[in-house]
Amino acid sequence: MIQHRRIRDAVVLAACWSIALFEISAHGQSTNSDLSPLRDLASQCGIWIGPAVAYGPLIGEAIYADTLGREFSILTPENDMKWAPIHPQQFQYSFDRADALVAFAGANGMTVHGHTLVWHNQIPSWLSSGSFTRDEMIDILRDHIHTVVGRYSGAIAAWDVVNEAVNDDGSLRSTLWLTSIGPEYLDLAFQFTSDADPNARLVYNDYGNESINAKSNGIYDLVSGMLVRGIPIHGVGFQLHITLAGINLASFAQNMQRFADLGLEIYITELDVRMQLPVTPEKLATQANVYAEILKACLAQPACRAFQMWGFTDGHSWVPSSFPGYGAALIFDEAYQPKPAYDALAQGLRKCAPVGAATAPSFGSANGSRSLGGAIRPLPLAY
Ligand code: XIL
């Protein structure tokens with residue numbers, strides 16, 4: 001109860017801070033007075049913009065919450081909706097952290113991208129070392145999805161239903177899910193999610209799939225088959241954990257187009273652009289250009305719905321621990337100062353429409369005019 005009260009207080013405080021900051025900038029008194037927040041600019045382009053978010057700094061660092069609430073229109077829980085954190089024991093769920101992130105989003109007029117319902121990593125040991133029959137695994141999957149998705153039904157715009165299920169050669173990755181259930185686990189996961197929240201956009205998410213290659217061909221075949229079978233799938237996610245070398249933009253554009261031609265939405269889900277340390281002004285300029293080019297590719301594709309990054313401050317990023325020697329992959333530095341990549345995104349977004357002409361976002365169809373899910377129901381702040 002005390003814990004809940006603390007979270008509630010923190011969330012309320014964060015909302016007040018964001019409003020206060022916004023008012024300061026609206027009156028032109030802050031150092032950022034010449035800049036509209038990215039979320040306002042992105043809304044004019046008809047896309048969501050936002051980062052993966054970690055609970056620790058959200059609760060512990062006021063400037064983290066301020067920046068998040070001010071700049072972004074969507075957040076993805078970086079870890080707190082994965083199986084191990086949210087479902088640590090077979091008959092026990094742990095929702096506090098996920099609840100706090102969803103409540104923060106609601107209090108700040110943001111939506112949420114849920115991550116993730118089926119993955120081979122961060123699985124609790126009761127599941128990975130249990131010996132369950134195929135039918136039991138299907139029941140476990142159904143119960144988990146119904147419980148988690150049902151809890152946040154209406155508050156989450158899009159779900160990464162299945163994450164990283166395809167190998168580089170295009171075949172299905174050998175995971176707990178594939179070996180225990182068989183390839184039908186994908187159809188089942190999407191169907192269970194749709195049953196629990198018929199209005200959420202359901203996404204297949206992966207990495208290394210941005211170009212036309214064996215992996216993206218495998219994903220193309222996979223999702224095409226699902227569509228033929230009438231499985232509810234609405235989008236494909238491109239993680240885009242990349243380096244200063246960037247990506248093949250022409251191939252990315254062609255690739256997005258073939259998925260859009262299937263009637264699917266495109267989500268840039270986890271972009272970060274890492275550099276070998278130390279940071280130099282030249283590397284920051286190259287990084288800004290990579291960010292700008294990917295944004296441009298998204299804006300040029302009418303089915304592209306979201307430009308999402310795997311964090312926003314270099315002070316909290318998975319890169320240094322996952323890619324030793326690399327870092328500085330995000331758009332704010334460790335002191336929460338906007339980097340050249342931030343300015344490049346703002347500049348790219350400003351091309352959509354004059355600032356001040358934003359309209360309330362609403363849901364649109366994949367290939368229709370670009371529009372966003374706006375009516376996101378905030379969770380109550382008190383639990
Ligand atoms: C990462 C988190 O950022 C880390 O904190 C965690 O230790 C491991 O997972 N692709 C994904 C994300 O889909 O869930 C991963 O997140 C990064 C790669």
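Reference entry: report on the structure contained in this document.

**Considering the overall build of the protein**
Here is step 1 of the chain: Regarding its fold elements, the protein presents 15 helices and ten strands.
Here is step 2 of the chain: Classification of the 383 residues of the protein by burial places 54% in the buried group.
Here is step 3 of the chain: Sequence-distant contacts, at least 24 apart, represent 78% of the contacts inside the protein between residues at least 6 apart.
Here is step 4 of the chain: Summed over its atoms, the accessible surface of the protein is roughly 15000 Å², and 54% of this surface lies on carbon and sulfur atoms.

**Things to note about the pattern of salt bridges**
Here is step 1 of the chain: Applying the stated criterion across every chain yields a total of ten salt bridges.
Here is step 2 of the chain: Close ionic contact of R70 with E71 constitutes a salt bridge, the shortest N to O distance being 3.0 Å.
Here is step 3 of the chain: The exposure class assigned to R70 is buried, which follows from its relative accessible area of 16%.
Here is step 4 of the chain: One salt bridge in this structure joins D187 and R229, with 2.7 Å as the shortest N-O distance. Residue D187 is located in helix 10 (residues 184-196), and its partner R229 is located in the loop between helix 11 (214-228) and strand 6 (235-238); the two are separated by 42 residues in the primary sequence.
Here is step 5 of the chain: The exposure class of D187 is buried, given its relative accessible area of 17%.
Here is step 6 of the chain: It is possible to trace a salt-bridge network through shared partners that takes in D168, D206 and K215.

**Side note on the site of the ligand**
Here is step 1 of the chain: In the neighbourhood of the ligand, 13 residues make up the surrounding shell, with E78, K82, H115, E270 and W310 lying closest.
Here is step 2 of the chain: In this structure, K82 approaches the ligand through a side-chain N or O atom, which is 2.8 Å from an oxygen atom.
Here is step 3 of the chain: Q122 places a side-chain nitrogen or oxygen 3.3 Å from an oxygen atom of the ligand.
Here is step 4 of the chain: In isolation the ligand exposes 420 Å². Once the protein is present, 78% of that is buried.
Here is step 5 of the chain: When grouped by side-chain class, the residues that make up the shell around the ligand number three nonpolar, six polar and four charged.

**Notes on unusual backbone geometry**
Here is step 1 of the chain: For the peptide bond that leads from H115 to T116, omega is 0°, which places it in the cis range.
Here is step 2 of the chain: For the peptide bond that leads from L277 to P278, omega is 10°, which places it in the cis range.
Here is step 3 of the chain: By secondary structure assignment, the location of P278 is in the loop between strand 8 (265-276) and helix 13 (281-300).
Here is step 4 of the chain: Not every positive phi belongs to a glycine, and Q122 is a case in point at roughly 50°.

**Thoughts on the state of the cysteines**
Here is step 1 of the chain: Taken as a whole, this structure holds two disulfides when the rule is applied.
Here is step 2 of the chain: A disulfide bridge connects C45 with C352, and the sulfur atoms are separated by 1.9 Å. Classification of the bridge connecting C45 and C352 rests on its S-S torsion, roughly 105°, and on that basis the disulfide is right-handed. Placement of the pair is C45 in helix 2 (residues 38-45) and C352 in the segment after helix 15 (340-350), with a sequence separation of 307 residues.

**Description of the packing of aromatic side chains**
In this description, a pair of aromatic rings is defined by centroid distance and the angle of the planes.
Here is step 1 of the chain: Tallied over the full model, the rule gives 14 aromatic pairs.
Here is step 2 of the chain: On the numbers, 5.3 Å between centres and 85° between planes, the contact of W318 with F323 is edge-to-face.
Here is step 3 of the chain: Here a set of aromatic residues connected by ring pairs shows up, and it is made of Y64, F72, F312, F332, Y336 and Y342.
Here is step 4 of the chain: Just above the ring of Y207 sits the side chain of K215; from NZ or CZ to the centre is 3.5 Å.

**Remarks on the side chain of D197**
Here is step 1 of the chain: Examined against the element boundaries, D197 turns out to sit in the loop between helix 10 and strand 5 (201-206).
Here is step 2 of the chain: Take D197: its relative accessible area is 2%, and that puts it in the buried class.
Here is step 3 of the chain: At 3.2 Å, the side chain of D197 forms a polar contact with the backbone nitrogen of G154.
Here is step 4 of the chain: Those residues in contact with D197 that lie beyond four places of it in its chain are V149, Y152, S153, G154 and I156.

**A look at the environment of I331**
Here is step 1 of the chain: Following the sequence through the fold, I331 ends up in the loop between strand 10 (326-327) and helix 15.
Here is step 2 of the chain: With a relative accessible area of 0%, I331 lands in the buried category.
Here is step 3 of the chain: Sequence separation between I331 and V273 is 58 residues, and the spatial gap between their C-alpha atoms is 9.1 Å.
Here is step 4 of the chain: Each residue touching I331, except ones within four places of it in the same chain, is listed here: L38, F72, Y291, M309, F312, Q337, P338, K339, A341, Y342 and L345.

**Some thoughts on the packing of helix 12 (residues 249-261) against helix 13**
Here is step 1 of the chain: At a closest axis distance of 10 Å, the pairing of helix 12 and helix 13 adopts a crossing angle of 25°. The angle between helix 12 and helix 13 places the two elements in the roughly parallel class. The hand of the helix 12/helix 13 crossing is right-handed. Seen from helix 12, the contacting residues are L249, F252 and M256; seen from helix 13, they are E293, I294, A297 and C298.
Here is step 2 of the chain: Tallied by class, the residues present in the contact of helix 12 with helix 13 amount to six nonpolar, no polar and one charged.

**Examining the pairing of strand 5**
Here is step 1 of the chain: For strand 5, a buried count of six out of six residues is recorded, marking the element as mostly surrounded by other parts of the structure.
Here is step 2 of the chain: Covered by surrounding structure in strand 5 are R201, V203 and N205 together with L202, Y204 and D206, the residues of both alternating faces.
Here is step 3 of the chain: Strand direction decides the pairing type here: strand 4 (residues 156-163) and strand 5, joined by five bridges, are parallel. From the neighbouring strand, V162 faces strand 5, where its bridge partner is Y204.
Here is step 4 of the chain: Of the pairings in the sheet, the one linking strand 5 to strand 6 comprises four bridges and is parallel in character.

**Points about the packing of helix 2 against helix 15**
Packed helix pairs are specified by the crossing angle of their axes together with the interaxial distance, meaning the distance between the axes.
Here is step 1 of the chain: Orientation of helix 2 relative to helix 15, taken along the N-to-C sense of each, is 35°, at an axis distance of 8 Å. Crossing of helix 2 over helix 15 shows left-handed handedness. Between helix 2 and helix 15, the contacting residues are L38, L41, A42 and C45 on the first element and Y342, L345, A346, L349 and R350 on the second.
Here is step 2 of the chain: The residue inventory of the contact of helix 2 with helix 15, partitioned by class, reads eight nonpolar, no polar and one charged.

Rules used throughout
Residues numbered from 1 in each chain as written. Predicted model: local features only at pLDDT ≥ 70, side-chain atom pairs only at ≥ 80, totals over all residues. Heavy atoms only, no water. Helix = DSSP H or I, 4+ residues; strand = E, 2+ residues; numbered from the N terminus. Buried < 20%, exposed > 50% of the residue type's maximum accessible area, 1.4 Å probe, protein only. Contact = heavy atoms within 4.5 Å. Areas by Shrake-Rupley, 256 points an atom, 1.4 Å probe, with all protein chains shown as cover. Salt bridge = Lys/Arg side-chain N within 4 Å of Asp/Glu carboxyl O. Near = heavy atom within 4 Å. Polar contact = N/O pair within 3.5 Å; in protein donor to acceptor, adjacent residues only side chain to side chain. Nonpolar A, V, L, I, M, F, W, Y, C, P; charged D, E, K, R; others polar. Disulfide = S-S within 2.5 Å. Phe/Tyr/Trp six-rings, centres within 6.5 Å; stacked < 30°, edge-to-face > 60°. Lys NZ or Arg CZ within 6 Å of the ring centre and 35° of its normal. Axes fitted to C-alpha atoms, helices over the stretch in contact; angles between N-to-C directions. Parallel < 35°, antiparallel > 145°, perpendicular 65-115°, else oblique. Left-handed = near helix turned anticlockwise from the far one by under 90°. Pairing = 2+ DSSP bridges.

What is shown is where atoms sit, not what they do.
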